[in-house]
Amino acid sequence: MTTLPPPGRKKLGLVIDLDTCVGCHACATNCKEWNTGGHSAPLPDHDPYGADPNGVWFNRIHTFEAGEGTSSRTVHFPRSCLHCETPACVTVCPTGASYKREEDGIVLVNEDACIGCKLCSWACPYGAREYDTDAGVMKKCTLCIDRIYNENLPEAERVPACVATCPASARHFGDLGDPDSDISKLVAARDGRELMPELNYKPVNRYLPPRPPKKETGSTGAGARLDPVTAQSAEGGGRFLRWVDRVLSR
Amino acid sequence: MHPAYSVIFFTTASGAGYGLLALMAIFGILDGVPADPWFGAIGLGLGTALVTGGLLSSTFHLGHPERAWRAYTQWKSSWLSREGVLATATYVPLALTAWGWIVEGSLDGAFGFFAAFLAILCILTVHATGMIYATLRTIHAWHNRMTVPGYLCFAWLTGGMWFQVLCQIFGYQSVWTATICMAPTVAVWLVKRKYWGSIERTPGPVTRESATGLEGMGPVRLLDPPTTTENFVQREMGYHIARKHALSLRRIAWFTYFLIPFALIVSTTELDPWIAIPGAVLAAISVSVSAVIERWLFFAEAKHAVMLYYGAEAA
């Protein structure tokens, strides 16, 4: 059913740290790798090594510049489904293929019921849904539903593929409905942001803004100023080395 | 938004069809036109053909047309589903009205009731079509009070002009039929003026800063897009039309939905059928062209919030 379930206590989601993300695209790559064999498999991958590569990805990494002049920052920005609490992509679906799970809040597509009308992709402001032209159905991030509950995986690996692979630990997975969970505390400590709050889809995922840049030196024991070494070494080298320097500089 | 031809054809053809069917029903009930079986057969037949052709073409852009029946199930939440239910339900009073008009030669009693029901369902179906677009908060231009009136007025305008053509051919034209097909030229003009004025004046609620959660860090701009080639989201949502082309298309639309049909109807309706019929046909063709231009612009000018992630200045 595309009417929304009553709000659940459990809100599984991601927290993405824009301070530490290095923009390596590993999350997107591992996401594609896992999901092309997972719940929504296969993900189309047309002309992958040619001039016009195209296909479905659940994760896309943008790079933005925020601020102006010397104080501007480069911010790498991974974008995926935010598993909204009131997702319009679910309610606009005419067939019931799009749904939100009551038990954990994950938004999924039942590919057997999808007619491929693409209206859900219009209703999503985050660009989370991509159409599979081969299968004629819409696909989206499943929050790796086939990993997080997968008892065949070691417990430490029961996190979404993007979280498991992030080399900078910029991605965190957990229950954002529980104020005492580690990621809820992280959001509280770092002023985690909701994207496009104006549209009121109540996304579950949060983005941690970059920390303010350090303008003062830390107390590392080093002097605040370093003396130039060039003149010193030339003098210290004596007449012979100056002669060698002159000969070699010719 | 990418203007898909199947959706443009669907909404303009079915709009004209529902407009024509509603006017046939209303004029039939009120004895504005006689219950002539041939007139009924051609009028209701043309309306049915436009509606059915439009509905069939709307399935062409589906990935799985064979599952289209599933779209009847989610009427509780989805305007697209409601549109499907209403469009299908319309065939019931349509068949009963056609029976009364064509076979019984009368719209009295129960048949009048069916015709009234037909008119109401036609209006509700077009309303549902408009609501599909008007409820999308992601597209600021469409999330607009003038979107649904735009759909309704264009259905009235295009259906009304074809209704007038049939009335002229059968000799049933009157000051009422002429008035009812000219009124929407003014209505469309006012509605589209308001629509275009409002999309010019009011910026969308979302900014690149709020889209990225980077408010307070200064202006945000795209440095690197995620892909080297256009992906699905960019192809579907990233259609862009140059402003000067949009403005000239708006002017062409104004000529074809207002000036040309208004002038033709005013100047030819009272004349000899040899002039009045071609005049009405030209007016009907003109408004049909205007509906396609307007619908194409409705898509091409609409900016989707997701494009803020791809460097759009505003959405």
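A brief structural summary. Since we're looking at a predicted model, the values are computed, not measured. (Residues numbered from 1 in each chain as written. Chains lettered and ligands numbered in written order. Predicted model: local features only at pLDDT ≥ 70, side-chain atom pairs only at ≥ 80, totals over all residues.)

### Comments concerning the overall build of chain B
Here is the rule we go by: Labels follow the DSSP assignment, with helices taken as runs of H or I lasting at least four residues and strands as runs of E lasting at least two, numbered in each case from the N terminus. For this measure, only C-alpha atoms enter the radius of gyration; the expected value for a globule follows 2.2 Å times N^0.38, where N is the number of residues. With C-beta atoms placed from the backbone, the exposure class of a residue follows from how many other C-beta atoms lie within 10 Å of its own: 20 or more, buried; 12 or fewer, exposed; in between, partly exposed.
Of regular secondary structure, chain B possesses 10 helices and 1 strand. For chain B, the α and β elements follow one another from N to C terminus as α-α-α-α-α-α-α-β-α-α-α. By the compact-globule yardstick of 20 Å for 315 residues, chain B fits well, its C-alpha radius of gyration being 22 Å. Principal axes of the C-alpha set define a box for chain B whose edges measure 70 × 45 × 30 Å. Put simply, chain B has 315 residues, and 52% of those count as buried.

### Describing the overall build of chain A
Stated precisely, the cut-off is as follows: Placing C-beta atoms from the backbone, we regard two residues as in contact once those atoms come within 7 Å.
Of regular secondary structure, chain A possesses 8 helices and 11 strands. Its C-alpha atoms give chain A a radius of gyration of 25 Å, more than 25% over the compact-globule value 18 Å for 250 residues. The principal-axis extent of the C-alpha atoms belonging to chain A is close to 90 × 45 × 40 Å. Here chain A holds 250 residues, and the buried ones make up 45% of them. When contacts within chain A are restricted to residue pairs at least 6 apart in sequence, those whose partners lie at least 24 apart make up 60%.

### Focus on the nonpolar core
Definition in use: Nonpolar core, as used here: buried Ala, Val, Leu, Ile, Met, Phe, Trp, Tyr and Cys residues forming one set through C-beta atoms within 7 Å.
In this structure, Ala123 of chain A together with Leu20, Leu21, Leu118 and Trp162 of chain B are the most contacted members of the largest nonpolar core, which totals 164 residues. Per-element accounting of this core gives the leading share, 14 residues, to helix H5 (residues 147-170) of chain B.

### Details of the sheet that holds strand E4 (residues 60-66) of chain A
In plain terms, the rule: Paired strands, as defined in this entry, are two strands with at least two bridges between them according to DSSP. Convention adopted: a line fitted to C-alpha atoms gives each axis, helices being fitted over their contacting stretch, and angles between N-to-C directions are expressed from 0 to 180 degrees.
One open sheet accounts for 3 strands, arranged E5(A)-E4(A)-E1(B); its pairing is antiparallel. Bordering the open sheet on either side are strand E5 (73-79) of chain A together with strand E1 (220-224) of chain B, each of which pairs with just one other strand. On average, each strand axis in the sheet is inclined to that of its neighbour by 40°, with strand direction left out of account.

### Quick word on the interface of chain A and chain B
Note the following rule: Residue polarity is assigned by list, with Asp, Glu, Lys and Arg as charged and Ala, Val, Leu, Ile, Met, Phe, Trp, Tyr, Cys and Pro as nonpolar; anything else, Gly included, falls into the polar class.
At the interface, 53 residues of chain A touch 43 residues of chain B. Among the elements that make up the side of chain A that touches chain B, the one with the highest residue count is E4 of chain A (7 residues). For the side of chain A that touches chain B, the class distribution of residues is 28 nonpolar, 15 polar and 10 charged. The sheet contact formed by E4 of chain A and E1 of chain B spans 4 bridges and is antiparallel. The residue bridging threonine 63 of chain A from the neighbouring strand is aspartate 224 of chain B, located in E1 of chain B.

### Observations concerning the packing of H5 of chain B against helix H10 (residues 273-300) of chain B
All names here are of chain B. Worth spelling out the cut-off: Orientation is classified from the angle alone, with under 35 degrees giving roughly parallel, over 145 giving roughly antiparallel, 65 to 115 giving roughly perpendicular, and any other angle giving oblique. If you view the pair so one helix is near and one far, a crossing is left-handed when the near helix is turned anticlockwise from the far one by less than a right angle, and right-handed when it is turned clockwise.
Running from N to C, H5 and H10 point in directions that differ by 160°, and their axes come no closer than 9 Å. Taken together, the axes of H5 and H10 lie roughly antiparallel to each other. Note on packing geometry: the crossing formed by H5 with H10 is left-handed. Taken together, the residues of H10 that come into contact with H5 (itself represented by Phe154, Leu157, Thr158, Met161, Trp162, Gln164, Val165, Gln168 and Ile169) are Pro273, Ala276, Ile277, Ala280, Val281, Ala283, Ala284, Val287, Ser288, Ala291 and Glu294. Here the contact of H5 with H10 is built from residues that sort into 15 nonpolar, 4 polar and 1 charged.

### Quick look at the sheet that holds strand E10 (residues 171-175) of chain A
Residue and element names in this part refer to chain A. Across the sheet, which stays open at both edges, the 3 strands sit in the order E10-E1-E11 with mixed pairing between neighbours. Two strands in the sheet have a free side with no partner beyond their single neighbour: E10 and strand E11 (206-208). Averaged over all neighbouring strand pairs, the angle between strand axes comes to 25°, with direction disregarded. Relative to E10, strand E1 (residues 12-17) is paired through 5 bridges, and the arrangement is antiparallel. From the neighbouring strand, glycine 13 faces E10, where its bridge partner is glycine 174. Of the strands in this sheet, E1, E10 and E11 are in contact with helix H6 (residues 182-189), which crosses E10 at around 120°.

### A few points about helix H9 (residues 243-268) of chain B
All names here are of chain B. Inclusion rule: Multiplying 1.5 Å by the residue count of a helix minus one yields the expected span of that helix. Fitting axes to the seven residues ending at a residue and to the seven starting there, one defines the bend at that residue as the angle between these axes.
Along its 26 residues, H9 runs 36 Å from first to last C-alpha, staying within 8% of the 38 Å computed at 1.5 Å per residue. Considering bend angle alone, the principal kink of H9 is centred on phenylalanine 255 and spans about 35°. Every buried residue of H9 is listed here: Ala253, Thr256, Tyr257, Phe258, Pro261, Leu264, Ile265 and Thr268. As for H9, its buried residues are in contact with H5, helix H6 (175-201) and H10.

### What to know about the pairing of E5 of chain A
Residue and element names in this part refer to chain A. With respect to burial, E5 is a largely interior element, 5 of its 7 residues being buried. Of the pairings in the sheet, the one linking E4 to E5 comprises 7 bridges and is antiparallel in character. Residue alanine 66 lies in a different strand from E5, and its bridge partner there is arginine 73.

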